[in-house]
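A structural walkthrough
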There are 2 protein chains.
Amino acid sequence: MTQPVIILARPQLGENIGKTARAMLNFGLTELRLVNPRDGWPNPAAGPAAAGADPVLAEAKVFDRLEDAIADCTRVYAATVRKRDMPKPVVTPERAAQEVHTALAQGACAAVLFGSERAGLDNEEVALADTILTVPVNPAFGSLNLAQAVIVFAYEWFKQATDTPAHQSYTDLPLASKEELQGLYEQVEAALDEKAYFRSIDRRATQVRALRSLWQNCGLSAQEVQTLRGMIKSLARPHRDD
Amino acid sequence: MTQPVIILARPQLGENIGKTARAMLNFGLTELRLVNPRDGWPNPAAGPAAAGADPVLAEAKVFDRLEDAIADCTRVYAATVRKRDMPKPVVTPERAAQEVHTALAQGACAAVLFGSERAGLDNEEVALADTILTVPVNPAFGSLNLAQAVIVFAYEWFKQATDTPAHQSYTDLPLASKEELQGLYEQVEAALDEKAYFRSIDRRATQVRALRSLWQNCGLSAQEVQTLRGMIKSLARPHRDD
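Cut-offs and rules
- Residues numbered from 1 in each chain as written.
- Chains lettered and ligands numbered in written order.
- Predicted model: local features only at pLDDT ≥ 70, side-chain atom pairs only at ≥ 80, totals over all residues.
- Heavy atoms only, no water.
- Helix = DSSP H or I, 4+ residues; strand = E, 2+ residues; numbered from the N terminus.
- Rg over C-alpha atoms; globule rule 2.2 N^0.38 Å.
- Buried < 20%, exposed > 50% of the residue type's maximum accessible area, 1.4 Å probe, protein only.
- Contact = heavy atoms within 4.5 Å.
- Areas by Shrake-Rupley, 256 points an atom, 1.4 Å probe, with all protein chains shown as cover.
- Lys, Arg positive; Asp, Glu negative; His and termini not counted.
- Charge placed at Lys NZ, Arg CZ, Asp CG, Glu CD.
- Polar contact = N/O pair within 3.5 Å; in protein donor to acceptor, adjacent residues only side chain to side chain.
- Pairing = 2+ DSSP bridges.
- Expected span 1.5 Å × (residues − 1).
- Phe/Tyr/Trp six-rings, centres within 6.5 Å; stacked < 30°, edge-to-face > 60°.
- Lys NZ or Arg CZ within 6 Å of the ring centre and 35° of its normal.
- Right-handed = clockwise from strand over helix to strand, strands pointing away.
- Least-squares fit on C-alpha atoms with pLDDT ≥ 70 in both.
- Salt bridge = Lys/Arg side-chain N within 4 Å of Asp/Glu carboxyl O.
- Nonpolar A, V, L, I, M, F, W, Y, C, P; charged D, E, K, R; others polar.
- Axes fitted to C-alpha atoms, helices over the stretch in contact; angles between N-to-C directions.
- Parallel < 35°, antiparallel > 145°, perpendicular 65-115°, else oblique.
- Left-handed = near helix turned anticlockwise from the far one by under 90°.

1. Describing the overall build of chain A
- Helix and strand counts for chain A stand at 10 helices and eight strands.
- Taken over the C-alpha trace, chain A has a radius of gyration of 29 Å; the compact-globule value for 242 residues is 18 Å, which it surpasses by more than 25%.
- Counting only C-alpha atoms and orienting by the principal axes, one finds that chain A spans roughly 90 × 40 × 40 Å.
- When burial is assessed residue by residue, chain A has 49% of its 242 residues classed as buried.
- In chain A, once contacts between residues fewer than 6 apart in sequence are set aside, the share between residues at least 24 apart is 84%.
- Total accessible area on chain A stands at roughly 12500 Å², and carbon and sulfur atoms take up 51% of it.
- Counting 26 positive and 30 negative side-chain charges, chain A places the centres of these two groups 6 Å from one another.

2. Some words on the side chain of Gln148 of chain B
- Tracing the chain through its elements places Gln148 of chain B in helix 7 (residues 146-162).
- A polar atom in the side chain of Gln148 of chain B sits 2.8 Å from the backbone nitrogen of Asn145 of chain B.
- In contact with Gln148 of chain B, other than residues within four places in its own chain, are Arg22 and Ile151 of chain A together with Ser143 of chain B.

3. Quick look at the pairing of strand 4 (residues 75-79) of chain B
All names here are of chain B.
- A large share of strand 4 lies buried, amounting to four of its five residues.
- As judged from the four bridges shared by strand 4 and strand 6 (residues 110-114), these two strands associate in the parallel manner. Pairing of Arg75 across the sheet is with Ala110, part of strand 6.

4. Thoughts on helix 1 (residues 14-26) of chain B
- Here helix 1 of chain B spans 19 Å end to end across 13 residues, near enough to the 18 Å set by a 1.5 Å rise per residue.
- The buried fraction of helix 1 of chain B amounts to 11 of the 13 residues, a majority that puts the element mostly inside the structure.
- What helix 1 of chain B keeps buried is the set Gly14, Asn16, Ile17, Gly18, Thr20, Ala21, Arg22, Ala23, Met24, Leu25 and Asn26 of chain B.
- Buried residues along helix 1 of chain B sit against helix 7 (146-162) of chain A together with strand 1 (5-9), strand 2 (32-35), helix 2 (46-50), helix 3 (54-58) and helix 7 of chain B.
- One or two steps after helix 1 of chain B, the chain reaches Gly28 of chain B, where phi turns positive at roughly 75°.

5. As for unusual backbone geometry
All names here are of chain A.
- Of note, the amide linkage connecting Trp41 to Pro42 takes the cis form, showing an omega dihedral of 0°.
- Counting through the fold element by element, Pro42 comes out in the loop between strand 2 (32-35) and helix 2 (46-50).
- In this structure, Asn36 takes a positive phi of about 55° despite not being glycine.

6. Some details on the packing of aromatic side chains
- Enumeration according to the criterion identifies seven aromatic pairs over all chains in this entry.
- Lying across the ring of Phe198 of chain B, Arg204 of chain B places its NZ or CZ 4.9 Å from the centre.

7. Some points on the pairing of strand 2 of chain A
Residues and elements named next belong to chain A.
- Because side chains alternate across strand 2, one face comprises the buried residues Leu32 and Leu34, and the other comprises Arg33 and Val35, equally buried.
- Pairing geometry for strand 1 (residues 5-9) and strand 2, over four bridges, is parallel. Note on strand 2: the bridge partner recorded for Ile7 is Arg33.
- Read as a crossover between parallel neighbours, the route from strand 1 over helix 1 (residues 14-26) to strand 2 is right-handed.
- As judged from the three bridges shared by strand 2 and strand 3 (residues 61-63), these two strands associate in the parallel manner.

8. Thoughts on the relation of the copies chain B and chain A
- Least-squares fitting of chain B to chain A yields an RMSD of 0.0 Å, with the transformation described by 0.0 Å of translation along the axis and a rotation of 180°. The transformation just described matches what one would write down for a two-fold rotation axis.
- Of the residues that chain B buries at the interface, 100% are likewise interface residues in chain A, meaning the two copies contact each other through the same surface.

9. Details of the interface of chain B and chain A
- Listed as interface residues are 54 residues of chain B and, on the opposing side, 54 residues of chain A.
- Taken together, chain B and chain A are joined by four salt bridges.
- For Glu156 of chain B, the salt bridge identified is with Lys159 of chain A, shortest N-O distance 2.6 Å.
- Our count for the contact surface shared by chain B and chain A stands at 18 residue pairs in polar contact (both at pLDDT 80 or more).
- When residues of the side of chain B that touches chain A are assigned to their parent elements, the largest contribution, seven residues, is made by helix 7 of chain B.
- Each residue belonging to the side of chain B that touches chain A can be placed in one class, and the counts come to 26 nonpolar, 15 polar and 13 charged.

10. Here we look at the packing of helix 8 (residues 178-194) of chain B against helix 9 (residues 201-217) of chain B
Residue and element names in this part refer to chain B.
- For the pair helix 8 and helix 9, interaxial distance at closest approach is 11 Å and the crossing angle is 135°. If you check the angle between helix 8 and helix 9, you find them oblique. Where helix 8 crosses over helix 9, the handedness of that crossing is right-handed. Of the residues in helix 9, those touching helix 8 at Lys178, Gln182, Leu184, Tyr185, Glu186, Val188, Glu189, Leu192 and Asp193 are Arg204, Val208, Leu211, Arg212, Trp215 and Gln216.

Below is the structure:
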């Protein structure tokens with residue numbers, strides 16, 4: 001197994017099964033299991049809601065009992081926001097995703113259970129899980145629907161699976177080298193000297209430092225340095241009638 | 001400001017505005033701004049989709065121009081998955097949430113822009129933002145809808161705002177003390193000695209260590225230790241007709 005299984009226990013609307021498939025595939029999850037779907041399976045309302053995630057629906061496996069749906073799993077998480085009087089650990093989606101990655105790396109099969117739209121998982125279903133997964137929500141308004149709860153877990157799983165850089169440049173334009181920046185600094189300062197911008201020798205050093213910081217914080221590309229140098233050159237030019 | 005503003009540029013369906021409000025309030029966000037909503041505002045389709053997040057809709061502010069909607073903001077993020085040929089940094093939702101927390105701590109106003117359902121933000125709109133926010137999704141199937149993209153950002157923001165413990169015990173049952181565990185260990189081992197479970201003195205030490213590890217890894221509560229001790233006592237009792 002290279003990914004966790006998503007199990008829907010007693011899902012009601014085909015539309016929500018489709019939305020779950022869409023949520024899953026956005027984050028690279030394709031293993032869907034359905035336990036006792038209320039309106040049978042396949043369900044014609046699922047496809048349109050899947051918005052193209054039809055392969056997930058086509059491969060979905062159906063079970064009569066939750067016990068059978070989790071039989072090959074070694075780690076099972078029950079997604080619920082309600083407090084249960086059960087001595088089970090409760091983890092965040094982030095922590096669950098970390099644990100799932102560990103389990104998968106050991107070759108185990110891990111599953112996350114989601115209950116019916118109306119009332120979530122019942123206590124018998126939660127009891128079959130090792131761990132409770134609770135999405136932290138606004139205590140005054142906890143109203144995540146089925147596909148939204150799936151999205152949050154799947155997002156955390158995919159985030160950890162892919163390790164997208166937190167911060168990156170969108171373009172391939174290389175940053176300016178320090179030499180290019182130095183050329184800009186000197187050109188600007190020479191042009192300002194020419195126009196007597198600096199009031200005194202004493203204050204010049206401080207003002208130059210402030211200007212150089214300003215350019216430095218811009219994160220200029222090599223091309224942007226050229227653009228600025230052209231602009232400065234044009235501004236510094238004498239008027240036609242000077 | 002204690003929270004970021006969510007701005008929908010040219011949203012089309014009232015239903016999606018309602019779903020956005022619901023997504024926001026789940027994660028404690030209440031400041032919604034709408035720029036040029038296609039079907040005007042208020043929109044009767046928004047309320048039912050908000051599933052109780054009506055106060056967010058009631059307080060939503062409407063603008064004709066995106067420039068006006070962001071006028072009081074110092075940091076603006078544009079949510080988009082499409083590559084833009086713009087020299088702007090691109091960040092993950094996690095990083096954007098971190099930056100927003102920093103901006104809010106400095107008393108600034110931060111906003112996240114989301115485009116229309118059909119085609120997202122246009123280039124003019126993205127150009128007004130400081131930074132591009134891209135949710136990492138399956139490269140073979142990127143199909144997050146508007147409210148789903150809002151959920152991922154809002155979830156990351158709320159996660160950082162609330163600092164929910166990654167792992168916690170669901171019940172208030174205290175864990176067993178080491179003294180209570182020691183009592184269990186000794187009772188079990190005495191009972192096993194009685195039944196000649198250990199084959200030899202040599203192997204007894206190894207077997208005892210394995211059993212004690214087993215109990216230790218169970219993370220037993222004080223009450224569970226009592227339950228086990230009662231069970232062992234009962235099992236160790238001679239048969240009625242012994």
